[in-house]
Amino acid sequence: MKRDYGDMYQYILESKKAVRNIISNHEEIFHDAIEYFFNGNYEQIYVIGSGTSYHAALAAKNLMEKVLQMKVFASYPIVFKDERIFNKNTLVMGLSHAGMSASTIAGLDKAKANGFGTIAMTAEKGRPVEHHGDVKLYVDIGEEKAGPKTKGYIGSIVTFMIFALKVALRQEKITQDEFDDYLRRMQASADAIPDIAEATSKWYLQNRNDLMKCRRLYVIGYDNCLADMMEGTLKICEAVRYSVQGFELEEFMHGIYHCIDEDTYMLYVCSKGQYYDRILRLKRYFEEERHSHNFLITHENTNNSKDLVFPFTDDQEFAVLQYIVPMQVLARKLSLDFKMNSYLKEG
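None of these values were measured; they are calculated from a predicted model.

Quick notes on the rules
Residues numbered from 1 in each chain as written. Predicted model: local features only at pLDDT ≥ 70, side-chain atom pairs only at ≥ 80, totals over all residues. Heavy atoms only, no water. Axes fitted to C-alpha atoms, helices over the stretch in contact; angles between N-to-C directions. Helix = DSSP H or I, 4+ residues; strand = E, 2+ residues; numbered from the N terminus. Parallel < 35°, antiparallel > 145°, perpendicular 65-115°, else oblique. Left-handed = near helix turned anticlockwise from the far one by under 90°. Contact = heavy atoms within 4.5 Å. Nonpolar A, V, L, I, M, F, W, Y, C, P; charged D, E, K, R; others polar. Disulfide = S-S within 2.5 Å. Buried < 20%, exposed > 50% of the residue type's maximum accessible area, 1.4 Å probe, protein only. Pairing = 2+ DSSP bridges.

Novice: Just checking my understanding: could you explain the packing of helix 2 (residues 15-24) against helix 7 (residues 151-170) for this structure?
Specialist: Packed helix pairs are specified by the crossing angle of their axes together with the interaxial distance, meaning the distance between the axes. Packing of helix 2 against helix 7 brings their axes to within 9 Å, and their N-to-C directions diverge by 25°. With respect to helix 7, the axis of helix 2 lies roughly parallel. Taken as a pair, helix 2 and helix 7 cross one another with a handedness that is right-handed. On helix 7, the residues touching Ser15, Ala18, Val19, Ile22 and Ile23 of helix 2 are Lys151, Ile154, Gly155, Val158, Thr159 and Ile162. Of the residues in the contact of helix 2 with helix 7, the class split is seven nonpolar, three polar and one charged.

Novice: What is the right way to look at the packing of helix 2 against helix 3 (residues 26-37) in this model?
Specialist: At a closest axis distance of 5 Å, the pairing of helix 2 and helix 3 adopts a crossing angle of 65°. By the angle class used here, helix 2 and helix 3 are roughly perpendicular. When helix 2 is examined against helix 3, the residues Asn21, Ile22, Ile23 and Ser24 are found in contact with a partner set consisting of His26, Ile29 and Phe30. Of the residues in the contact of helix 2 with helix 3, the class split is four nonpolar, three polar and no charged.

Novice: Before we go on, may I ask you to explain the state of the cysteines in this structure?
Specialist: Joining two cysteines, a disulfide is a covalent bond between their sulfur atoms. Under the counting rule described, the total for this entry stands at zero disulfides. Residue Cys225 stays outside any disulfide, its sulfur separated by 10 Å from that of Cys270, the closest cysteine. Overall, Cys225 belongs to the buried group, its relative accessible area being 0%. Of the cysteine sulfurs around Cys237, a residue in no disulfide, the closest is that of Cys214, at 11 Å. A relative accessible area of 28% places Cys237 in the partly exposed class.

Novice: Where do I start with the sheet that holds strand 9 (residues 293-298) in this structure?
Specialist: Backbone hydrogen bonds are what pair the strands of a sheet, in a parallel or an antiparallel way. If you trace the five strands from one edge of the open sheet to the other, you get 7-6-8-9-10, paired in parallel fashion. The two strands at the open ends of the sheet, each matched to only one other strand, are strand 7 (243-248) and strand 10 (308-309). Of the strand pairs in this sheet, strand 6 (residues 216-221) and strand 7 are connected by six bridges, and their pairing is parallel. Bridge assignment links Ile220 to a residue of strand 7, and that residue is Phe247.

Novice: Sorry, what's going on with the sheet that holds strand 4 (residues 117-122) here?
Specialist: Spatial strand order, 2-1-3-4-5: five strands in an open sheet with parallel pairing. This sheet does not close on itself; its edge strands, each paired only once, are strand 2 (71-75) and strand 5 (135-138). Strand after strand, the sheet turns through a mean of 20° between neighbouring axes, direction not considered. For strand 1 (residues 44-48) and strand 2, the ladder comprises five bridges, and the chain directions are parallel. For Tyr46, the partnering residue across the bridge sits in strand 2 and is Phe73. Sitting on the sheet, helix 3 is in contact with strand 1, strand 3 (90-95), strand 4 and strand 5, with an inclination near 140° to strand 5. The strands touched by helix 7 are strand 1, strand 3, strand 4 and strand 5; relative to strand 3, the strand with the most contacts, the crossing angle is about 160°.

Here's what the structure looks like:
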């Protein structure tokens with residue numbers, strides 16, 4: 001019997017509603033995890049997860065550190081399991097969207113064995129990972145059956161961020177007005193997701209014939225949207241299944257650029273910030289010297305139909321909720337045109 005995995009594009013659109021739900025119900029969703037935190041004496045936090053879960057941790061890390069005024073590490077679970085950690089006042093938050101990740105479970109078990117605090121996180125209730133943390137925290141986004149997680153990525157980022165904001169508020173590191181402003185800005189950024197998805201769909205139709213010729217794609221990003229670059233790379237790999245590699249801007253310039261030629265496709269995640277002009281210069285170089293296929297995701301009108309232009313937020317802390325959307329949509333549109341089954345369930 002054929003299983004119904006829903007529609008990946010619909011899940012992208014549902015991200016707006018999911019964020020609104022988490023914000024509206026934050027008192028109930030986070031109650032147990034917040035109380036657990038204040039029963040300990042934590043000096044640092046490890047957020048562990050694989051794939052989309054790791055990328056969500058990386059996306060939330062900067063804001064978490066800013067408001068908590070403590071070190072937050074985003075780590076792959078197996079790396080964490082094999083790492084020496086000397087500070088016993090450590091909290092470990094282990095996220096597995098489907099709740100069955102063996103590596104995340106192993107990481108939480110290592111944390112418990114070392115006497116660290118543990119919070120098990122999942123978007124699907126009644127899953128094995130719940131039994132490997134001292135307390136549970138759900139990514140309350142509703143159903144997402146498809147293997148490649150889209151709504152789950154957005155919801156996970158927001159869950160990590162609000163957890164940190166609620167701790168910081170109770171510790172009086174931020175005021176109530178600051179807390180409310182963070183939630184307002186978060187919601188405003190997520191509310192634009194359906195409009196970004198629609199703009200991307202139109203952009204895709206304009207560039208469909210060229211994009212479908214791609215068999216080797218590089219995704220370049222930096223700064224506050226580094227996690228989006230990594231997650232976008234994963235989404236296209238999962239859904240379309242050809243060669244996709246993602247690099248931080250400066251790392252890409254350390255040798256990788258030598259392999260770019262006229263058959264290479266380049267996607268640049270051009271968020272606002274200190275490296276914006278630098279990535280534009282890189283794009284111009286490849287256009288003029290290597291004649292590669294170049295596409296920008298940008299807030300600035302380029303008068304080039306190859307570039308996806310949208311008035312993305314200039315809020316650096318919540319830009320991660322927006323710049324991922326074009327790559328999620330691109331993954332879905334290409335998988336449909338290539339007739340790929342992008343709904344294989346994750347373990």
